[in-house]
Amino acid sequence: MITVAKFSINFSQYLDADSNLHLDNQALTQAGLDPARLLDYYQAMLLVRSYDTKAIALQRTGRIGTYPSCLGQEAISTAIGKTMQACDVFLPGYRDAATLLMRGTTMHELFLYWGGDERGMDFSHNKEDLPYNVPIASQCCHSIGVAYAFKLRKQPRVAVVVCGDGGTSEGDFYEALNAAGTWQLPIVFVVINNQWAISVPRAKQSYCQTLAQKGIAGGVASEQIDGNDTIACHIHLQRAIDNARKGNGPSLIEAISYRLGDHTTADDASRYRDQEELANAWKKEPLVRLEKYLLKRGDLTDAKIETFKQQANAQVKQSVESYLATPAQDKSAMFEYMYETMPDALKEQLDQLNQNK
Amino acid sequence: MSQYTLIEAVNAALDYELAADESVVVLGEDVGANGGVFRATDKLQTRFGEDRVIDTPLAESLICGMSIGLATQGFKPVAEIQFMGFIYAAFDQFICHASRMRNRTRGRLSCPMVLRAPFGGGIHAPEHHSESTEAIFAHVPGIRVVIPSSPARAYGLLLAAIRDPDPVVFLEPKRIYRAQSETFENNGEALPLDVCFTLRQGSDLTIVSWGAMLQETLQASEQLAQMGIDCEVIDLASIKPIDKKTILESVEKTGRCMIVCEAAKSGSVASEAAAIVAEEGLTSLFAPILRVTGYDTVMPLLKLEQHYLPSTEKIMQAAKRLMEF
């Protein structure tokens, strides 16, 4: 017997859960992570958390519909948005508000969507990004088509697609990885492993030691990082995106994180999740981890934190106000955009709606 | 002017549009060097290259999902699913994404793709190769379902489907892929979508059918004519949306209506057409509306399939019942 192929998966973490940095300053600077950039990350994550908290409050008071919190996943989701270029295409799942906000989707648009208004997915800035994808992992197959289009047109653009730990059990995930490898497409797959697919824990999702290794089967360069470590997220995403842009093929990053909230506002995680596990996860969360590091370095002060928080809250407040002031669409809007030109059969039903028939 | 069988007409339409429009790409299993198992894509890869006539990995959901991604980037993908029996793996992609991309994004993105598949029985194929499940697709908002019944209509309707800015399921009646030839000019002229085609004028009975079953329907009509029963034959062609105006005008004239298809009866497109006539054409009717269809059984394997598919004889008997009612 001879070994015909051998594989391994690397795990990277630079800023540990106690906010100690295991990377020299030179490497940090080389990665473009000067103090200003890290503060920028910190402010972005504060904004996301403020948005997320407000979204849950709006749901609880009946002003938006069911909402999936992104609490705890701010580092990886923010880093995706900040390392992508405007010309790239993002293919979200449904817990990716942070990335969309970094991509230019307005908070107003996000509130509109979760408030039950399709206009929220008519992004005014990132016009080629796909809308939220609610069925699991089907967006991975869309990324193949998007990246194939870039390749056909010889454009130096990258598709970045996100799914969760549960999503890696789906057929579409495997089909997409296989095709990405076959055609060596400019795609970065990000698996945000938040440990829970609603009530099913990571251990019950797969016997694989890592979810990253699933990419190896498709011929996709794959690795695992600490998804709550902003610095690792930035460095490894930047590298994967640059590689894809240079024509060096696809990659997969499994970002280890934790879903600190319920699956959605319609869920109660205390039914299936151990309180001790949750308490431990809070000790590793990304925002405080970066905050402590920046405080330690003297790049951040308590006064600055307070100012940043007030700024974030003010921005969220303004978006909530503009969302709540948005008039609902006319009921006939459901008929719009079904087809480019409305077929006669549909026009007749539209008349019935308008006449309350 | 040249002669084309239905499969050659499909090939000619794909060839024409690949040459005419750079945004058209063809993809699927074995569509490249092999030219498709029925030869629908014969020689296209040689002419247009591996980048635009794409042999995909064997994964139907990928084929459909990838087409959606390409379409959001402005391409017009024409995806082949080798047999309709394998289309269900692509169903989630088509229903959850292709059909609603325009609506979900308020027109920011759209999905101008075609999902082609051979369908229907009668060619003695193995299991899962003979079903007619067009009704499953016809139920879904946001898409079109088109079925041609002759080489010329296959050519004109496929061109129209590729040029349509919204997703189209294009089902090809494989039993008549090579049954007949028609002469037409390969000039890129499309036929209109969303309308029926009246193939035979008549005054006694309206028969609505589509795909390969129009062969038996037209044969039955000829024989019925000799018996003094004058049938009007309508090729539904547009399974979704249904051109009810043409059907209702015909029924108003004839007072009788039969729908012939080879799909299982319950919840079929025949049921939808019958419901339209019942809802809006009842006062024209001298007799009940009849559906002549396949049975609510699993499509039998080849030894029994001739008993499953509606025959000319069965259509004639149904016509006589309607006339004698």
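For clarity, every value in this text was computed on a predicted model and none was experimentally measured. (Residues numbered from 1 in each chain as written. Chains lettered and ligands numbered in written order. Predicted model: local features only at pLDDT ≥ 70, side-chain atom pairs only at ≥ 80, totals over all residues. Heavy atoms only, no water.)

### Re the overall build of chain A
And step 1. Helix and strand counts for chain A stand at 14 helices and eight strands.
And step 2. Against the globule reference of 21 Å for 357 residues, chain A gives a C-alpha radius of gyration of 21 Å, in line with a compact fold.
And step 3. The C-alpha extent of chain A, read off along each of the three principal axes, is 70 × 60 × 45 Å.
And step 4. For chain A, the proportion of its 357 residues judged to be buried stands at 54%.
And step 5. By element, 51% of the accessible surface of chain A is carried by carbon and sulfur atoms, the whole surface being about 15,500 Å².
And step 6. Counting 36 positive and 42 negative side-chain charges, chain A places the averaged centre of each group 2 Å from the other. (Helix = DSSP H or I, 4+ residues; strand = E, 2+ residues; numbered from the N terminus. Rg over C-alpha atoms; globule rule 2.2 N^0.38 Å. Buried < 20%, exposed > 50% of the residue type's maximum accessible area, 1.4 Å probe, protein only. Areas by Shrake-Rupley, 256 points an atom, 1.4 Å probe, with all protein chains shown as cover. Lys, Arg positive; Asp, Glu negative; His and termini not counted. Charge placed at Lys NZ, Arg CZ, Asp CG, Glu CD.)

### Regarding empty space enclosed by the protein
Residue and element names in this part refer to chain B.
And step 1. Applying the stated rule across the entire model yields four cavities of 30 Å³ or more.
And step 2. Around the largest cavity sit A125, P126, E127, H128, H129, S130, E131, M299, P300, L301, L302 and E305, which together line it.
And step 3. Taken together, the residues of the lining of the largest cavity break down into six nonpolar, three polar and three charged.
And step 4. For the lining of the largest cavity, the two domains that each supply at least three residues are domain 1 (2-184) and domain 2 (197-324). (1 Å grid on protein atoms, 1.4 Å probe; cavity = no way out; pocket = protein on both sides within 12 Å on 5 of 7 lines; lining within 4 Å. Points joined across faces, edges and corners; volume = space filled by probe spheres on them. Nonpolar A, V, L, I, M, F, W, Y, C, P; charged D, E, K, R; others polar. Domains from an automatic or database assignment.)

### Brief notes about the sheet that holds strand 14 (residues 290-294) of chain B
Residue and element names in this part refer to chain B.
And step 1. In space, the five strands of this open sheet follow the order 9-11-10-13-14, with mixed pairing throughout. The open sheet terminates on both sides in strands that have one partner only, identified here as strand 9 (197-200) and strand 14. Between one strand axis and the next, the sheet turns through 25° on average, direction left out of account.
And step 2. The sheet contact formed by strand 9 and strand 11 (residues 231-235) spans three bridges and is antiparallel. By the bridge assignment for strand 11, T198 is matched with I234. (Pairing = 2+ DSSP bridges. Axes fitted to C-alpha atoms, helices over the stretch in contact; angles between N-to-C directions.)

### Structural notes on the domain arrangement of chain B
All names here are of chain B.
And step 1. Domains assigned within chain B are domain 1 (2-184) and domain 2 (197-324).
And step 2. Once you take the C-alpha centre of each, domain 1 and domain 2 turn out to be 26 Å apart.
And step 3. Opposite the 30 residues of domain 1 that make contact, domain 2 presents 25 residues.
And step 4. Together domain 1 and domain 2 conceal approximately 2,100 Å² of surface at their shared face, both sides included; 58% is due to carbon and sulfur atoms.
And step 5. Of all residues in domain 1, I147, R153 and R175 give up the largest surface area on contact with domain 2, accounting jointly for 24% of the area buried on that side.
And step 6. Linking domain 1 to domain 2 there are three salt bridges.
And step 7. Across the salt bridge formed by D235 and R153, the nearest N and O atoms sit 3.0 Å from each other.
And step 8. Contributions of two or more residues to the side of domain 1 that touches domain 2 are made by helix 6 (134-138), strand 6 (144-146) and helix 7 (151-163). (Contact = heavy atoms within 4.5 Å. Buried area = accessible area lost by both parts, 1.4 Å probe. Salt bridge = Lys/Arg side-chain N within 4 Å of Asp/Glu carboxyl O.)

### Description of the state of the cysteines
And step 1. Inspection of the entire model under this criterion finds zero disulfides over all chains.
And step 2. Here C141(A) stays free of any disulfide, with the sulfur of C140(A) as its closest cysteine sulfur at 6.9 Å.
And step 3. Here C141(A) falls in the buried class, since its relative accessible area comes to 0%.
And step 4. Between C96(B), a cysteine without a disulfide, and C64(B), which holds the nearest cysteine sulfur, the sulfur-to-sulfur distance is 10 Å.
And step 5. Here C96(B) falls in the partly exposed class, since its relative accessible area comes to 24%. (Disulfide = S-S within 2.5 Å.)

### Description of the pairing of strand 10 (residues 205-209) of chain B
All names here are of chain B.
And step 1. When you tally the buried positions in strand 10, you get five out of five residues, the bulk of the element.
And step 2. Burial of strand 10 is two-sided: the residues L205, I207 and S209 facing one way and the residues T206 and V208 facing the other way are all buried.
And step 3. Looking at chain direction, strand 10 and strand 11 are connected through five bridges and run parallel. Each bridged residue has a counterpart across the sheet, and for S209 the counterpart in strand 11 is D235.
And step 4. Considered for its hand, the β-α-β crossover made up of strand 10, helix 8 (residues 213-226) and strand 11 is right-handed.
And step 5. Strand direction decides the pairing type here: strand 10 and strand 13 (residues 257-264), joined by four bridges, are parallel. Counterpart to T206 in the pairing with strand 13 is C257. (Right-handed = clockwise from strand over helix to strand, strands pointing away.)

### A look at the sheet that holds strand 6 of chain B
All names here are of chain B.
And step 1. Sheet architecture is open: seven strands sit in the order 3-2-4-5-7-6-12, paired in mixed fashion. Only two strands of the sheet have a single partner each, and these edge strands are strand 3 (53-55) and strand 12 (238-240). Neighbour-to-neighbour, the strand axes of the sheet open up by a mean angle of 20°, direction not taken into account.
And step 2. Contacting strand 2 (24-28), strand 3, strand 4 (76-80), strand 5 (114-119) and strand 7 (168-173), helix 1 (residues 6-20) runs over the sheet at an angle of about 135° to strand 2.

### Focus: the packing of helix 2 (residues 35-60) of chain A against helix 13 (residues 302-324) of chain A
All names here are of chain A.
And step 1. Running from N to C, helix 2 and helix 13 cross one another at 45°; their axes reach a closest spacing of 9 Å. With respect to their mutual orientation, helix 2 and helix 13 come out oblique. Viewed along their axes, helix 2 and helix 13 form a crossing whose handedness is right-handed. Taking contact as the criterion, the partners of L39, Y42, Q43, L46, L47, S50, Y51, K54 and L58 in helix 2 are, on helix 13, K304, I305, F308, K309, Q311, A312, N313, Q315, V316 and V320.
And step 2. Across the contact of helix 2 with helix 13, the residue classes break down as eleven nonpolar, five polar and three charged. (Parallel < 35°, antiparallel > 145°, perpendicular 65-115°, else oblique. Left-handed = near helix turned anticlockwise from the far one by under 90°.)

### Focus on the pairing of strand 3 (residues 159-164) of chain A
Residues and elements named next belong to chain A.
And step 1. Extensive coverage of strand 3 is indicated by the burial of five of its six residues.
And step 2. When strand 2 (residues 89-91) meets strand 3, the two strands line up parallel, connected through three bridges. Paired with F90 across the strands is V160, a residue of strand 3.
And step 3. In terms of strand pairing, strand 3 meets strand 4 (residues 187-193) through six bridges, oriented parallel. Of the residues in strand 4, the one forming a bridge with A159 is I187.
And step 4. Tracing the backbone out of strand 3, into helix 7 (residues 171-183) and back to the parallel element strand 4 gives a crossover that is right-handed.

### What about the side chain of S130(B)?
And step 1. Structurally, S130(B) is set in the loop between strand 5 and helix 6.
And step 2. Ignoring any residue separated from it by four or fewer positions in sequence, one finds S130(B) in contact with G120(B), G121(B), A125(B), K174(B), E262(B), M299(B) and E305(B).

### Re the packing of aromatic side chains
And step 1. This structure, assessed with the given rule, holds 19 aromatic pairs over all chains.
And step 2. Judged by centre distance (5.0 Å) and plane angle (55°), the ring pair of F38(B) and Y177(B) falls under tilted. Remark: Y177(B) occurs in the loop between strand 7 and strand 8 (182-184) and F38(B) occurs in the loop between strand 2 and helix 2 (44-48); sequence separation between them is 139 residues.
And step 3. Clustering of aromatic rings is evident, with ring pairs tying together Y51(A), Y67(A), F111(A), Y113(A), W114(A), Y132(A) and Y323(A).
And step 4. Here the basic side chain of K82(A) rests over the ring of Y41(A), its NZ or CZ set 5.9 Å away from the ring centre.
And step 5. A cation sits over an aromatic face here: R153(B) above F197(B), 5.9 Å from the ring centre. (Phe/Tyr/Trp six-rings, centres within 6.5 Å; stacked < 30°, edge-to-face > 60°. Lys NZ or Arg CZ within 6 Å of the ring centre and 35° of its normal.)

### Brief notes about the environment of S69(A)
All names here are of chain A.
And step 1. On the secondary structure map, S69 appears in the loop between helix 2 and helix 3 (74-83).
And step 2. Residue classification places S69 among the buried positions, given a relative accessible area of 5%.
And step 3. Once the C-alpha coordinates of S69 and R95 are considered, the two residues, 26 residues apart in sequence, prove to be 6.7 Å apart.
And step 4. Ignoring sequence-local partners within four residues, the contact set of S69 consists of D52, I56, R95 and H263.

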